[in-house]
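So the chains spell out like this:
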Amino acid sequence: MKILIMKKNNKNNIKKQFPIFKQKINGNPLIYLDSAATTQKPQDVIDCIEDYYSKYNSNIHRSAHQLARKATEKWIEAHEIIADFLNAKSYKEIIFLRNCTEGINLFVNTYGKQNLKKGDYVIISEMEHHSNIVPWQILQKEIDFNIEYIPINSEYRLDLDWLKKRADELKDKLKIISVVHISNVLGTVNDIKEITSIAHSVGAVSLVDAAQSVARLKIDVQNIDCDALVFSGHKIYGPTGSGAIYVKEKILEKMPPYMGGGEMIREVHKDSFSLNELPWRYEAGTPNIADGIALGEAIEWFNKTVTDLGGYERLVEHEKSLINRFLSNFEEMEWFKLFGSKERLGVITFNIDGFSFSGCKKGTVESNKYGEEIINFLSSKGLCIRDGFHCAQPLHERFDKGPTLRVSLGIYSDEADIDRAVKLIKEGVLRVM
Ligand SMILES: Cc1ncc(COP(=O)(O)O)c(C=O)c1O
């Protein structure tokens, strides 16, 4: 009993650690259900950034003075924290970047460019975020390889039988399989260990987009055996402009450089240069020092918070119960159209029959009544949810859908958030029906 009370208190305390929730919007509580776009930041992370700028702001890996030494130590320490968090073998396998998008672009333009030739195949899936589609399409224009998509079956899952068969047909022409771990629209959790093993069975490599999974599932890159994995810091309670890519050291050793400049080199002469050690050879120029260090702080905060909650299983259980609570409230509503299966994590995506939504890209909606009035009403009441394609237009097209609405959860989301969101969405729809 005592344990239960302690855990409940910890859950209630989570929101209090986020200063943004202290504010009112037009006298209403802030209900933030847009964490798949970006999470809010706990005070510890905000303090860490302030600490850097007010106490030891300095460039890293360069000067030998005290401030520079401290900043460099903290920068390396942040890499070590991420390596431990993902269970990488060493911090040498962790490259800091601005976000997940930059990580995928790095992999495409280094490993991809080096290993793909005309006629080869890259397989992605029908549920990818644009950041795992467009970089491949750009490189395809240069190299003329083929891109295929793992189909989604009627249960909104990836068809891995298709993938196995296709890998067997393509054999060594298949070079890379790059897939999302949790879809930011369907909330489907993909079996990335199985997908990696299919890639390896024909000598291909796997890249995992962990943007939505890193803050809700335990990631162990050695267990998954993936060759590379990317995530954004801002989706795991860290600052914007921070993120990382993990790449196996044996692959990194052979990969060509990405950007050239200071810090990625050991020596430079008029007609040559030599490369710095890993991972610094992939971090050219002055990086986002404050936010990278604060990403380390965010991961430490997250680890501690998950432990206090009772582990990842409890986090997932809590999220599933919030999703069920939300969905059960709309069971009787004929106008509520869920996109995807009820079995999902992180996001609930849906349409309101008869209305169209377009996010910030106005003018893309052609048919049906425009749902702007509903969105404006929800926003005026302090409810933050997202409308649009959620950067996954091919997925929407696959199911013949226009833009959708999305409610997404964070570690601070609770029953009160869900109940208020349900009440406001019903009210907003009834006002305009
Ligand atoms: C599944 C997925 N992949 C990639 C991204 C891109 O993340 P970022 O914009 O931080 O680079 C997102 C962002 O929403 C995402 O949800």
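Reading the values: rules and limits
- Residues numbered from 1 in each chain as written.
- Predicted model: local features only at pLDDT ≥ 70, side-chain atom pairs only at ≥ 80, totals over all residues.
- Heavy atoms only, no water.
- Phe/Tyr/Trp six-rings, centres within 6.5 Å; stacked < 30°, edge-to-face > 60°.
- Helix = DSSP H or I, 4+ residues; strand = E, 2+ residues; numbered from the N terminus.
- Buried < 20%, exposed > 50% of the residue type's maximum accessible area, 1.4 Å probe, protein only.
- Arc of directions from axis to C-beta.
- Contact = heavy atoms within 4.5 Å.
- Domains from an automatic or database assignment.
- Buried area = accessible area lost by both parts, 1.4 Å probe.
- Salt bridge = Lys/Arg side-chain N within 4 Å of Asp/Glu carboxyl O.
- Polar contact = N/O pair within 3.5 Å; in protein donor to acceptor, adjacent residues only side chain to side chain.

Teacher, can you tell me more about the packing of aromatic side chains here?
Any two aromatic rings considered together are summarised by their centre-to-centre distance and by the angle between their planes. Under the criterion given, the structure shown has 24 aromatic pairs. Look at Phe326 and Phe350: their rings are 5.9 Å apart centre to centre, the planes differ by 45°, and that puts the pair in the tilted class. Placement of Phe326 in helix H11 (residues 312-328) and of Phe350 in strand E14 (residues 347-352) is noted, with a sequence separation of 24 residues between them. Grouping residues by exposure puts Phe326 and Phe350 together as buried.

In this structure, what is going on with helix H5 (residues 134-143)? I would like to understand it.
The periodicity of an α-helix, 3.6 residues per turn, causes residues three or four positions apart to be oriented the same way. Taken as a whole, H5 has its buried residues at Pro135, Trp136, Leu139 and Ile143. All buried residues of H5 fall inside an arc of 95° around its axis, so they share one side. Within H5, the exposed residues directed more than 90 degrees away from the buried face are Ile138 and Lys141. Looking at the buried side of H5, the elements it contacts are helix H4 (100-115), strand E5 (121-125), strand E6 (146-150), strand E7 (174-180) and strand E8 (205-209). Looking one or two places after H5, you find Asp144, whose phi comes out positive at around 65°.

When you look at the domain arrangement of the protein in this model, what are you seeing that I'm missing?
Interface size is often expressed as the accessible area that is lost when the parts come together. According to the domain assignment, the protein consists of domain 1 (2-38 + 311-432) and domain 2 (46-303). For domain 1 versus domain 2, the separation of C-alpha centres amounts to 28 Å. Each partner contributes residues to the interface: domain 1 has 34 residues there, and domain 2 has 29 residues. Interface area, domain 1 with domain 2, both sides summed: about 2,600 Å², of which 60% is carbon and sulfur. For the pair domain 1 and domain 2, the interface holds two salt bridges. Across the domain 1-domain 2 interface, the total number found is 19 residue pairs in polar contact (both at pLDDT 80 or more). Of all the elements in the fold, those that place two or more residues in the side of domain 1 that touches domain 2 are H11, E14 and helix H13 (393-398).

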